[in-house]
Amino acid sequence: MTMEKTLSEEIARLMSLGLHRRCAEGALNSVAALTLEINRLKKERNAVICAHVYQTPDIILGVGDFVGDSYKLADDCRKTDADEIIFCGVHFMAETAKILNPSKKVYVPSERAGCSLSESITGEDVRGLKAQHPGVPVVTYINTSAEVKAESDCIVTSANAEKILKKIYAEHEKVIFIPDQFMGRNLAKALGRTPGKDIVLWNGTCIVHERFSPELIRMYRGKYPGLAVLAHAECPEELIAAVDFMGGTGDMMRYVESTNASAYLLVTECGFGELAKLRFPEKNFIAMCRLCPYMKSITLNSVLSLLKDPSPKEVAVPADIAARAKKAIDRMFELAQ
Ligand code: 13P
Ligand code: SF4
């Protein structure tokens, strides 16, 4: 006979993860009621929940099976034997999971989980770039639609873009890098390349990372001696010039784990800082973050409604587009080794 978990056991589990430190008085009980029901329904459907680190801690710690950056979540999805994948992240991440798992059902709990980078470019735009630069390989950030991936030669994430571009430059003089102009400029600088000459860029930006201010970083450095400043590679180059470390969220988390700064300033989406505080309660964090409205359109309540009625939230990718996009994603897994 299997014993159902009780609400008090679920509250104790969430407390052991430190969630009570992030919840208002009394709120932990309602969070526990939701996570208990979500985890029960998830098991019943043989589903897994992927949670990007920009989600809120109640989702990440309460119901997430796979937690991480875009690369880790894509990799986890291609290895799972679950029948269904529920993606608590944004739509392009779920599309990637679907492309890698055509026979599984993939869902996103919110219709508003888009991304300004993904929305900045279409397949038609990429065809235009290829016509302008014949024979130049198209290296595409994972924050794009399946249609854009299908027009690309290789996908990259923030975790592997520099490494993969180095390998591609070993065989090509010039590369088209889309759609994040800031990440493109930051990579060009790291690789000694010149935008417009040997790296063709698009004009996409992330609405969260494009507006952080280098002046504020200077102000914080004055206030907190020994401060380590970390920023996501989607930030503009003037901002990156003022930080100690640039990378994706996975690299940023590893940097925090492996260093002992007196304080950390995390220049990225707020969910990352919330998770870092829970994972490293002994470290000192200073908030300089913005909320991503797309990521934050997902809540525990939306995950529960999805589990009760999943079909309207199913992610679909036409088979011909999925097959072409998969080639570019597989190339990433190969070159990221
Ligand atoms: P990461 O892959 O670094 O987590 O980035 C995803 C993203 O959307 C950043 O804004
Ligand atoms: Fe897109 Fe920026 Fe939100 Fe990441 S943080 S999902 S890049 S809008």
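The paragraphs below set out a description of the structure included in this document.

**Notes on the state of the cysteines**
(1) Moving on: Tallying each qualifying case throughout the model produces 1 disulfide.
(2) Moving on: Here Cys270 is linked by a disulfide to Cys289, with a sulfur-sulfur distance of 2.3 Å. Negative torsions about the S-S bond denote left-handed disulfides, and the value of about 95 degrees found for Cys270 with Cys289 makes this one right-handed. Here Cys289 lies in strand 12 (residues 285-290) and Cys270 lies in helix 13 (residues 270-279), a separation of 19 residues in the sequence.
(3) Moving on: On the basis of relative accessible area, Cys270 is assigned to the buried category, the value being 14%.
(4) Moving on: By relative accessible area, Cys289 is classed as partly exposed at 34%.

**Focus: the pairing of strand 7 (residues 175-178)**
(1) Moving on: Side chains of strand 7 alternate between two faces, with Val175 and Phe177 and Ile176 and Ile178 buried alike.
(2) Moving on: Across 3 bridges, the pairing between strand 5 (residues 138-141) and strand 7 is parallel. When the bridges of strand 7 are listed, Thr140 appears paired with Ile178.
(3) Moving on: Once the chain exits strand 7 it traverses helix 9 (residues 181-191) before rejoining the sheet at strand 8 (residues 199-201), and the crossover so formed is right-handed.

**Here's the deal with the site of ligand 2**
(1) Moving on: Taken together, the residues surrounding ligand 2 are Tyr54, Val90, Cys115, Ser116, Leu117, Asn143, Cys206, Val208, Glu234, Cys292, Tyr294 and Met295.
(2) Moving on: Taken together, the residues that form the shell around ligand 2 break down as 9 nonpolar, 2 polar and 1 charged.

**Quick word on helix 2 (residues 27-44)**
Since the α-helix turns once every 3.6 residues, residues separated by three or four places project in the same direction.
(1) Moving on: Here helix 2 contains 18 residues, and its C-alpha end-to-end distance of 26 Å stays within 8% of the 26 Å for a straight helix at 1.5 Å per residue.
(2) Moving on: Close packing links the buried residues of helix 2 with helix 1 (7-16), strand 1 (47-52), helix 3 (57-62) and helix 14 (300-308).
(3) Moving on: Just past helix 2, the residue Asn46 takes up positive phi, approximately 50 degrees.

**Description of the packing of helix 2 against helix 14**
(1) Moving on: Two numbers describe how helix 2 lies on helix 14: the axes approach to 10 Å, and their chain directions differ by 30 degrees. By the angle between their directions, the pair helix 2 and helix 14 is classed as roughly parallel. You can see that helix 2 and helix 14 cross each other, and the crossing is left-handed. Of the residues in helix 14, those in contact with Val31, Leu34, Thr35, Glu37, Ile38, Leu41 and Lys42 of helix 2 are Leu300, Asn301, Val303, Leu304, Leu307 and Lys308.
(2) Moving on: Residue composition of the contact of helix 2 with helix 14, by class: 8 nonpolar, 2 polar and 3 charged.

**Thoughts on the site of ligand 1**
(1) Moving on: Lining the immediate surroundings of ligand 1 are His52, Tyr54, Asp69, Ser70, Tyr141, Asn143, Ser158, His209, His232, Glu234, Gly248 and Thr249.
(2) Moving on: Separating an oxygen atom of ligand 1 from a side-chain N or O atom of Ser158 is a distance of 2.6 Å.
(3) Moving on: Here Glu234 contributes a side-chain N or O atom positioned 2.8 Å from an oxygen atom of ligand 1.
(4) Moving on: Contact with the protein chains hides 96% of the accessible area of ligand 1, taken as 300 Å² for the molecule alone.
(5) Moving on: Of the residues contributing to the shell around ligand 1, the split by class is 2 nonpolar, 8 polar and 2 charged.

**As for the pattern of salt bridges**
Side chains that carry opposite charge are capable of pairing whenever their charged atoms lie near each other.
(1) Moving on: Under the definition given, this model contains 23 salt bridges.
(2) Moving on: Among the ionic pairs, Glu10 bridges to Arg13, the shortest N-O distance being 2.9 Å. One end of the pair, Glu10, and the other, Arg13, are both in helix 1, 3 residues apart, so they sit about a helical turn from each other.
(3) Moving on: We classify Glu10 as buried; its relative accessible area is 1%.
(4) Moving on: In this structure, Arg45 and Glu84 form a salt bridge, with 2.8 Å as the shortest nitrogen-oxygen distance. Pair noted here: Arg45 is in the loop between helix 2 and strand 1 and Glu84 is in strand 3 (residues 84-88), with a separation of 39 residues, a long-range link.
(5) Moving on: Residue class for Glu84 comes out buried when judged on its relative accessible area of 9%.
(6) Moving on: Via salt bridges that share partners, Glu124, Arg127, Lys130, Glu151 and Arg324 belong to a single interconnected network.

**Quick notes on the sheet that holds strand 1**
Within a sheet, adjacent strands bond to each other through the backbone by hydrogen bonds, running parallel or antiparallel.
(1) Moving on: Strand order in the open sheet made by the 4 strands is 2-1-3-4, with parallel pairing throughout. Where the open sheet ends on each side, the last strands, each with one partner, are strand 2 (66-68) and strand 4 (105-107). Strand-to-strand twist of the sheet, defined as the mean angle between neighbouring strand axes without regard to direction, takes the value 15 degrees.
(2) Moving on: Summarising the sheet, strand 1 and strand 2 pair through 3 bridges and their orientation is parallel. In the strand pairing of strand 2, Ala51 is matched with Val67.

Calculation rules
- Residues numbered from 1 in each chain as written.
- Chains lettered and ligands numbered in written order.
- Predicted model: local features only at pLDDT ≥ 70, side-chain atom pairs only at ≥ 80, totals over all residues.
- Heavy atoms only, no water.
- Disulfide = S-S within 2.5 Å.
- Helix = DSSP H or I, 4+ residues; strand = E, 2+ residues; numbered from the N terminus.
- Buried < 20%, exposed > 50% of the residue type's maximum accessible area, 1.4 Å probe, protein only.
- Pairing = 2+ DSSP bridges.
- Right-handed = clockwise from strand over helix to strand, strands pointing away.
- Near = heavy atom within 4 Å.
- Nonpolar A, V, L, I, M, F, W, Y, C, P; charged D, E, K, R; others polar.
- Expected span 1.5 Å × (residues − 1).
- Contact = heavy atoms within 4.5 Å.
- Axes fitted to C-alpha atoms, helices over the stretch in contact; angles between N-to-C directions.
- Parallel < 35°, antiparallel > 145°, perpendicular 65-115°, else oblique.
- Left-handed = near helix turned anticlockwise from the far one by under 90°.
- Polar contact = N/O pair within 3.5 Å; in protein donor to acceptor, adjacent residues only side chain to side chain.
- Areas by Shrake-Rupley, 256 points an atom, 1.4 Å probe, with all protein chains shown as cover.
- Salt bridge = Lys/Arg side-chain N within 4 Å of Asp/Glu carboxyl O.

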